[in-house]
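Coordinate analysis (summary)
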Amino acid sequence: MPERLSLSTDQVAAFVELARSGSLRLAAEALIISEQGLRSRLLSLEKRIGAELYHKARGIRRGSPLTAAGRRFLPHAEAFLDRAGELTELFSEDPLDRQVHVAASQYLVLYVLVDVLRRFHAAHPQIHINISVRSEQEIEEALREDPDVVLGIAAPHEPSSDLEYVHLFSLDWKLITPARHPLVQKKRVRLADLVDEPLILFERGSTGRQHVIDGFHLQGLTPRVETETTNTEIIVRMVEAGFGVSIVPLLTDGVVTKGRRVGICELGDQIRPIHSGILFRKGATLPAAAREFVAFVTRELQRR
């Protein structure tokens, strides 16, 4: 009996995350553990409380993975975690324990993170997220050199041996042109069609610029770079004003070009997708507030 009454917060957190995410894979990614590790925690929890909490059958499942016992247990599990969080903060007098310093790229802050941060603040008002906008290279440097920066959210060009990476989503590249540009009539544009076009690119040192340049070079082409600038919002405005064309990653909800008089053309797989995710120091133990933020951001963005 005493063993059955001893519950681990890791086990209960695994169950609550499974209920929130709806699948073992998403729950494991949110908690930054393997699926096998998640299953082990869930099985141990079921053994301790003496009830089956989730359906074990593999394959596509519509609706909640929880059993009737799991649905009954869920509100108690959530209350258990809330109480455990309160206990860990009971004797903490340092408000910095509840602050998370994040360095993120301008693209992700502007088009992705603002809404996520709003929802996170509503769910966790006691945690304060401080965001600084930097290039991908600056984000990696900050994680190596600035102890105040705990997390980075960016699209790294290459994997780094001293940083962990948690994948969030990938984006394909599109050509954007002035609204009545002749290229808009093409079903698919080749990079060879663009070598004589004035091209607006991201600034040097950015992952976005390197992806585009690599795409041209792989085909033995040299683009005509007319202008370089710092962010996608400025690029879209410059294209709309007729300064040239550009190649940018676009979110599927259309937010990047919403309200702008530009044309959008498909490029297929001529430029490799850009992968965005969370970066943190390899081997580091993240503070509780940072872990909560990572889990929330992962869950929110993988649902979109």
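Every value quoted in this text rests on a predicted model; they were computed, and no experiment measured them.

Scanning the protein for helices and strands turns up 10 helices and 10 strands. Summarising its shape, the C-alpha atoms of the protein cover approximately 75 × 45 × 35 Å along the three principal directions. Per-residue burial for the protein yields a buried fraction of 44% across its 304 residues. For the protein, the share of sequence-separated contacts (at least 6 apart) that also reach a separation of at least 24 residues comes to 75%. Counting only carbon and sulfur atoms, one obtains 51% of the accessible surface of the protein, whose full area is about 16300 Å². Across the protein, 39 positive and 40 negative side-chain charges occur, with their mean positions spaced 8 Å apart.

Glancing now at the pattern of salt bridges. Counting across every chain of the model gives 19 salt bridges. Measuring nitrogen to oxygen at the nearest pair gives 3.3 Å for the salt bridge that ties arginine 25 to glutamate 29. Remark: glutamate 29 and arginine 25 occur in helix H3 (residues 24–31); sequence separation between them is 4 residues, near one turn of the helix. In this structure, glutamate 158 and arginine 272 form a salt bridge, with 3.7 Å as the shortest nitrogen-oxygen distance. Placement of glutamate 158 in the loop between strand E3 (151–154) and strand E4 (163–171) and of arginine 272 in the loop between strand E9 (262–266) and strand E10 (274–281) is noted, with a sequence separation of 114 residues between them. Residue classification places glutamate 158 among the partly exposed positions, given a relative accessible area of 46%. Judged by its relative accessible area of 36%, arginine 272 falls in the partly exposed class.

We now examine the nonpolar core. Formed by 61 residues in total, the largest nonpolar core has its most connected members in Leu151, Ile153, Leu175, Ile247 and Ile278. Setting aside residues no more than four positions away along its own chain, isoleucine 278 makes contact with Leu151, Gly152, Ile153, Glu164, Tyr165, Val166, Leu168, Val294, Val297 and Thr298. Core analysis: the next-biggest nonpolar cluster, separate from the first, contains 17 residues, Val12, Ala14, Leu24 and Phe73 among them.

Turning next to the packing of aromatic side chains. Within the structure shown, the criterion is met by 4 aromatic pairs. Centroid distance phenylalanine 120 to phenylalanine 296: 5.3 Å. Interplanar angle 75 degrees. Geometry classified as edge-to-face. With phenylalanine 120 in helix H6 (residues 106–123) and phenylalanine 296 in helix H10 (residues 288–303), the pair connects residues that are 176 residues apart, well separated along the chain. Here phenylalanine 120 falls in the buried class, since its relative accessible area comes to 1%. These aromatic residues form a ring-pair network of at least three members: Phe120, Phe293 and Phe296. When the ring centre of tyrosine 54 is taken as origin, the NZ or CZ atom of lysine 56, which lies over that ring, is 4.0 Å away.

Quick look at helix H7 (residues 136–145) now. Side chains that are three or four residues apart share a direction in an α-helix, a result of its 3.6 residues per turn. Within H7, burial applies to Glu136, Ile139, Glu140, Ala142 and Leu143. Projected down its long axis, H7 shows its buried positions confined to an angular sector of 155 degrees, all on one face. Where the residues of H7 are buried, they touch strand E1 (99–104), E3, E4, helix H8 (207–218) and E10.

A separate point is the pairing of E10. The buried fraction of E10 amounts to 6 of the 8 residues, a majority that puts the element mostly inside the structure. The pairing of E3 with E10 spans 3 bridges and is antiparallel. By the bridge assignment, alanine 154 is partnered in E10 with glycine 277. Relative to E10, E4 runs antiparallel, the two sharing 8 bridges. Along E10, the bridge assignment pairs glutamate 164 with phenylalanine 280.

It is worth spelling out a negative patch on the surface at this point. A contiguous patch of negative charge on the surface is contributed by Glu138, Glu141, Glu145 and Glu203. Counting through the fold element by element, glutamate 138 comes out in helix H7.

What follows is about the sheet that holds strand E8 (residues 245–249). Sheet strands pair by backbone hydrogen bonding; their relative direction is either parallel or antiparallel. In space, the 5 strands of this open sheet follow the order E7-E6-E8-E5-E9, with mixed pairing throughout. The outermost strands of the open sheet, each flanked by one partner alone, are strand E7 (225–229) and E9. In this sheet, neighbouring strand axes are inclined to one another by 35 degrees on average, regardless of whether the strands run parallel or antiparallel. The pairing of strand E5 (residues 173–178) with E8 spans 4 bridges and is antiparallel. Among the inter-strand pairings, isoleucine 176 is bridged to a residue of E8, identified as serine 246. Strand contacts of H8: E5, strand E6 (199–202), E7 and E8, with the helix running at about 130 degrees to E6, the strand carrying the most contacts.

With respect to the helices, strands and loops of the structure, threonine 257 is situated in the loop between E8 and E9. Apart from residues no more than four positions distant in its own chain, threonine 257 is found in contact with Ile176, Val236, Leu250, Val262 and Ile264.

Rules of the game
- Residues numbered from 1 in each chain as written.
- Predicted model: local features only at pLDDT ≥ 70, side-chain atom pairs only at ≥ 80, totals over all residues.
- Heavy atoms only, no water.
- Helix = DSSP H or I, 4+ residues; strand = E, 2+ residues; numbered from the N terminus.
- Buried < 20%, exposed > 50% of the residue type's maximum accessible area, 1.4 Å probe, protein only.
- Contact = heavy atoms within 4.5 Å.
- Areas by Shrake-Rupley, 256 points an atom, 1.4 Å probe, with all protein chains shown as cover.
- Lys, Arg positive; Asp, Glu negative; His and termini not counted.
- Charge placed at Lys NZ, Arg CZ, Asp CG, Glu CD.
- Salt bridge = Lys/Arg side-chain N within 4 Å of Asp/Glu carboxyl O.
- Core = buried A, V, L, I, M, F, W, Y, C linked by side-chain atoms within 4.5 Å.
- Phe/Tyr/Trp six-rings, centres within 6.5 Å; stacked < 30°, edge-to-face > 60°.
- Lys NZ or Arg CZ within 6 Å of the ring centre and 35° of its normal.
- Arc of directions from axis to C-beta.
- Pairing = 2+ DSSP bridges.
- Patch = residues over 30% accessible without salt bridge, like charges linked within 9 Å, V, L, I, M, F, W, Y side chains within 5 Å.
- Axes fitted to C-alpha atoms, helices over the stretch in contact; angles between N-to-C directions.

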